[in-house]
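Chains, contacts and geometry: an overview
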Amino acid sequence: VDRAAEAAAHGVPRVLAALDDVGDALAVALSAAVSLFDPEAIVLGGYLTAFAPWVAPRIEAQLQRQVLGSRYVAYAVEASAAVPAASMLGAGWAAPAPVLADPLLVPPLPLGR
């Protein structure tokens with residue numbers, strides 16, 4: 001990811017073309033969700049955060065063309081400000097959450113073994 005972002009920053013045509021394709025594909029996938037939920041912002045997370053400077057404007061432009069309500073609303077696409085592994089951290093905390101909320105969910109170990 002770092003090498004590809006560095007190549008994009010240096011204007012490598014193949015990388016920029018690939019990022020245009022990524023932006024177009026994400027815009028197609030997001031257009032239905034944006035039409036349904038009318039979000040205030042679209043946040044790119046994970047590895048896409050590194051590519052936001054190139055992908056976000058492409059997504060915004062495509063959403064402007066594809067989403068019916070975009071005539072009245074400009075949908076902002078921005079990079080996540082969270083730590084790079086935020087989704088993994090969230091998943092890590094989600095797994096033990098029920099047990100932390102109610103420790104009696106864990107059955108006691110049998111004695112004498």
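Residues numbered from 1 in each chain as written. Predicted model: local features only at pLDDT ≥ 70, side-chain atom pairs only at ≥ 80, totals over all residues. Heavy atoms only, no water.

Some details on the pairing of strand E2 (residues 76–79)
As a reminder, the rule being used: The pairing criterion is simple: DSSP has to find at least two bridges between the two strands. Here a helix means four or more residues in a row that DSSP labels H or I, a strand means two or more in a row labelled E, and each is numbered from the N terminus. Clockwise travel from the first strand over the helix to the second, with the strands pointing away from the viewer, marks a crossover as right-handed.
Pairing of strand E1 (residues 41–44) with E2, which is carried by 4 bridges, proceeds in the parallel orientation. Its bridge partner lying in E2, Ile-42 is registered against Val-77. In this fold, E1 hands off to helix H3 (residues 48–66), which returns the chain to E2; that crossover is right-handed.

Some points on helix H2 (residues 13–37)
Applicable threshold: To estimate how far a helix should reach, multiply one less than its number of residues by 1.5 Å. Note on definitions: a residue-residue contact is assigned when non-hydrogen atoms from the two residues lie within 4.5 Å.
For H2, which comprises 25 residues, the first-to-last C-alpha distance of 35 Å matches the rise-based estimate of 36 Å (1.5 Å per residue) to within 8%. Residues of H2 that are buried make contact with helix H1 (2–9), E1 and H3. Of the residues flanking the end of H2, it is Asp-38, one or two places downstream, whose phi is positive at about 45°.

Some remarks on the packing of H2 against H3
Note the following rule: Angles here are taken between N-to-C directions and fall from 0 to 180 degrees, while the axes themselves are lines fitted to C-alpha atoms, restricted in helices to the stretch in contact. Angles below 35 degrees are treated as roughly parallel, those above 145 as roughly antiparallel, those between 65 and 115 as roughly perpendicular, and all remaining angles as oblique. The crossing is said to be left-handed when, going from far helix to near helix, the turn is anticlockwise and less than a right angle, and right-handed when the turn is clockwise. Think of it as three bins: nonpolar holds Ala, Val, Leu, Ile, Met, Phe, Trp, Tyr, Cys and Pro, charged holds Asp, Glu, Lys and Arg, and polar takes everything else, Gly as well.
Packing of H2 against H3 leaves a shortest axis separation of 7 Å and a crossing angle of 55°. The angle between H2 and H3 places the two elements in the oblique class. Judged by the twist between their axes, the crossing of H2 over H3 is right-handed. Residue-level contacts link Leu-16, Leu-19, Asp-20, Val-22, Gly-23, Asp-24, Leu-26, Ala-27, Val-28, Leu-30, Ser-31 and Val-34 of H2 to Leu-48, Phe-51, Trp-54, Val-55, Arg-58, Ile-59, Gln-62, Leu-63 and Gln-66 of H3. By residue class, the composition of the contact of H2 with H3 is 14 nonpolar, 4 polar and 3 charged.

Some remarks on the nonpolar core
Applicable threshold: Residues enter a nonpolar core if they are buried and are Ala, Val, Leu, Ile, Met, Phe, Trp, Tyr or Cys, with the set joined through side-chain atoms within 4.5 Å. Each residue's exposure class comes from its accessible area (1.4 Å probe, protein chains only) as a fraction of the maximum for that residue type: buried when under 20%, exposed when over 50%, partly exposed otherwise.
If you look at the biggest cluster of nonpolar residues, it comprises 19 residues, and the most contacted ones within it are Leu-44, Ile-59, Leu-63 and Val-77. When residues in this core are grouped by element, the largest group, 7 residues, is from H3. Those residues in contact with Leu-44 that lie beyond four places of it in its chain are Thr-49, Ala-52, Val-55, Ala-56, Ile-59, Val-77, Glu-78, Ala-79 and Ser-80.

Quick look at the packing of H1 against H3
Here H1 crosses H3 at 25°, and the two axes come no closer than 9 Å. In terms of orientation, H1 lies roughly parallel with respect to H3. Of the two possible hands of crossing, H1 and H3 adopt the one that is left-handed. Here Ala-4, Ala-5, Ala-8 and Ala-9 of H1 come into contact with H3, specifically with Ala-50, Phe-51 and Trp-54.

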